[in-house]
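# Working through the structure, step by step
Residues per chain, in single letters:
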Amino acid sequence: MKNIVIIGAGAAGLMAAITSAQNKNNNVILLEKNERAGRKLMITGKGRCNLCNNCDLDTLISNIPKNAKFLYSAFSALTPSDVMNTFESWGVPLKTERGNRVFPVSDKAVDIVDALVKNAKRSGVKTLNATAKKIITAEQKVIGVKLQNGDIIPADSVILATGGMSYPLTGSTGDGYKMAEELGHTVTKLKPSLVPLTIHEGFCTRLAGLSLKNVTLSVFEEGKKKPLFSEMGEMIFTHFGISGPLVLSASSHIRYMGKKNYTAFIDLKPALTHEQLDNRILRDFSEMQNKDFANSLDKLLPKSLIPVMVKLSGIEPNKKVNQINREERTKLCEIIKSLPLHITGFRPIEEAIITSGGISVKEIEPKTMQSKLVEGLYFAGEIIDIDAYTGGFNLQIAFSTGYMAGSNA
């Protein structure tokens, strides 16, 4: 009987545990320092859990900006349709939404966590509420795990699935990086990904709490004509800048923060062309000819945004709308269709959904997830130097690498 110890009961660790326990020759022990497994899973997708993306292998790979080729074997071993079939066979009905994002029909992340925990238990996985301190090796081979309380658990294989550095309150505090480094592994530079953005413009603070729906956010890198990112959806202004689904998605496309300048543009009326917007403004102005400009935009824009747009337009606030000329309207249209925001940085890694960076893929065998340096040591999930865009791709990485590690450990 082989002792398999898995450190971390998140998406990757739970999938690894279930897969490994299906081999009856394995005695699987799952270590989790939180009292409850899957803490981070509980908050993904705004608590709804976007567990994968209903797409093919090529689409999966195209949504991994870094080290995508490393994942070919893992994605082939456990595809998005495999993930969907697995959860549905566990009694969790699923649905596919915009962008092929897959959610539980209940819209409750807890159903995904409960299914994983229940099936781990059913498969014979022993879960211990304990903190791993060190992986013990002899002659470059895993022999056990030392716990914080001093206890030692003998192990033939260890799967490190401790997550990244983001959302430390869920248990992702970077412990796994230290354990891997002690065994000679390289940890690449850790950066936030899927994270809110800080903005230079002071008006963001005044707009804090304002949520925008059905707007298009585009992000440009200096020197490039094509946007790095351009998508329609939701976002929110905060005291430091901008956040929300659109912003988190955009952030993962920004790879050289600090070395290059980035500018975001919000199209507040993406359904209207410049000409249609101008006609709309003309109609509104004709209905309120004697009003001051500052009081004429109520039908067009959110109330808290109006003073900002008035100032940026350069039109005098108390100018009567019937005196506003075509040139001034053109400037107003431009601001509404392309409100510029100068990005100054990412929020701290603790506020990121995903950590970019981690254990170097050069030191991991892609067909097994086993360390190339230490026999019997495997990696799964966010701890590896791979991350993806939003849309269920990061959880697919967790499930596929967890499955691969669990199959081979």
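Note that the coordinates shown come from a computational prediction; the quantities given were computed from them, not determined experimentally.

In this section: the side chain of N27. Relative to the helices and strands, N27 resides in strand β2 (residues 26–32). Polar contacts involving the side chain of N27 include one to the side chain of N3, which spans 2.8 Å. Apart from the residues lying within four places of it in its own chain, the contact partners of N27 are M1, K2, N3, I4 and K126.

This part takes up the side chain of T44. Residue placement: T44 occurs in the loop between β2 and β3 (52–53). Among the residues examined, T44 registers a relative accessible area of 18% and is labelled buried. The contact partners of T44, leaving out residues within four places of it in the chain, are C49, N50 and L395.

Phi at D107 is positive, roughly 60°, even though this residue is not glycine. As for its position among the elements, D107 is in the loop between β5 (101–104) and α5 (109–122). Notably, L194 is not glycine yet its phi reads approximately 55°, a positive angle. Relative to the assigned elements, L194 resides in the loop between β11 (191–193) and β12 (197–199).

Quick look at the nonpolar core now. I7, L31, L51, F87 and F399 are the most contacted members of the largest nonpolar core, which has 84 residues in total. Looking at this core, the element that brings in the most residues is helix α1 (residues 11–21), giving eight residues. Of all hydrophobic cores here, the second largest spans 44 residues; its members include I199, I242, C333 and I336.

To continue, consider the packing of helix α10 (residues 306–313) against helix α11 (residues 326–337). Two elements in contact, α10 and α11, have axes separated by 9 Å at closest approach and are oriented at 130°. By the angle class used here, α10 and α11 are oblique. The element α10 and its partner α11 pack so that their crossing is right-handed. Along its contact with α10, which presents M309, L312 and S313, the element α11 presents K331, L332, I335 and I336. Here the contact of α10 with α11 is built from residues that sort into five nonpolar, one polar and one charged.

The strand order around the closed barrel formed by six strands is β12-β15-β14-β13-β16-β17, and the pairing between neighbours is antiparallel. On average, each strand axis in the sheet is inclined to that of its neighbour by 45°, with strand direction left out of account. In the sheet, strand β13 (residues 211–221) pairs with strand β16 (residues 262–267) via six bridges, with the strands oriented antiparallel. Residue pairing for β16: S218 is matched across the bridge by F265. Contacting β16 and β17 (339–346), α11 crosses the sheet at an angle of about 110° to β16.

Moving on, we get to a positive patch on the surface. Residues K133, K134, K146 and K178 make up a contiguous surface patch of positive charge. The topology assignment puts K178 in helix α6 (residues 175–182).

Here the focus is the pattern of salt bridges. Under the criterion given, the structure shown has 18 salt bridges. Between E221 and K260 there is a salt bridge, with its nearest N and O atoms 3.3 Å apart. Of this pair, E221 sits in strand β13 while K260 sits in the loop between α8 (245–251) and β16; the two residues are 39 residues apart in sequence, bridging distant segments of the chain. Classification of E221 by relative accessible area gives buried; the value is 4%. With a closest N to O distance of 3.4 Å, R280 and D284 form a salt bridge. Here R280 and its partner D284 are both found in helix α9 (residues 274–287), four residues apart, which amounts to about one turn of the helix. A single burial state applies to R280 and to D284, both of which are buried. One salt-bridge network, held together by shared partners, links R48, K95, E97 and D107.

Turning next to the sheet that holds strand β8 (residues 141–147). The antiparallel open sheet is built from three strands, whose spatial order is β7-β8-β9. Each edge of the sheet is formed by a strand with only one pairing partner; in this case those strands are β7 (132–138) and β9 (152–154). Taking the axes of each pair of neighbouring strands and ignoring which way they run, one obtains an average angle of 30° across the sheet. Sheet analysis places β7 next to β8, joined by six bridges and oriented antiparallel. Looking at the pairing, I136 lines up with G144 of β8.

The next subject is the pairing of β8. Hairpin connection of β7 to β8: two residues between the antiparallel strands, including E139 at a positive phi of 50°. Two elements, β8 and β9, share three bridges in a ladder whose sense is antiparallel. Residue K146 lies in a different strand from β9, and its bridge partner there is I152. Hairpin connection between β8 and β9: a loop of four residues separates the two successive antiparallel strands, and G150 in this loop has a positive phi of roughly 100°.

Locating E182 in the fold gives a position in helix α6. Residue E182 is classed as partly exposed on the basis of its relative accessible area, which comes to 46%. Separated by 27 residues in the primary sequence, E182 and A155 have C-alpha atoms spaced 17 Å apart.

Let's shift gears to the pairing of strand β4 (residues 94–97). Within a regular beta strand, the side chains point alternately toward one face of the sheet and then the other, so they alternate between its two faces. Relative to β5, β4 runs antiparallel, the two sharing four bridges. Across the sheet, residue T96 finds its bridge partner in β5, namely V102. Between β4 and β5, which pair antiparallel in sequence order, lie three residues; one of them, G99, sits at a positive phi of approximately 75°.

About the thresholds
Residues numbered from 1 in each chain as written. Predicted model: local features only at pLDDT ≥ 70, side-chain atom pairs only at ≥ 80, totals over all residues. Heavy atoms only, no water. Helix = DSSP H or I, 4+ residues; strand = E, 2+ residues; numbered from the N terminus. Polar contact = N/O pair within 3.5 Å; in protein donor to acceptor, adjacent residues only side chain to side chain. Contact = heavy atoms within 4.5 Å. Buried < 20%, exposed > 50% of the residue type's maximum accessible area, 1.4 Å probe, protein only. Core = buried A, V, L, I, M, F, W, Y, C linked by side-chain atoms within 4.5 Å. Axes fitted to C-alpha atoms, helices over the stretch in contact; angles between N-to-C directions. Parallel < 35°, antiparallel > 145°, perpendicular 65-115°, else oblique. Left-handed = near helix turned anticlockwise from the far one by under 90°. Nonpolar A, V, L, I, M, F, W, Y, C, P; charged D, E, K, R; others polar. Pairing = 2+ DSSP bridges. Patch = residues over 30% accessible without salt bridge, like charges linked within 9 Å, V, L, I, M, F, W, Y side chains within 5 Å. Areas by Shrake-Rupley, 256 points an atom, 1.4 Å probe, with all protein chains shown as cover. Salt bridge = Lys/Arg side-chain N within 4 Å of Asp/Glu carboxyl O. Lys, Arg positive; Asp, Glu negative; His and termini not counted. Charge placed at Lys NZ, Arg CZ, Asp CG, Glu CD.

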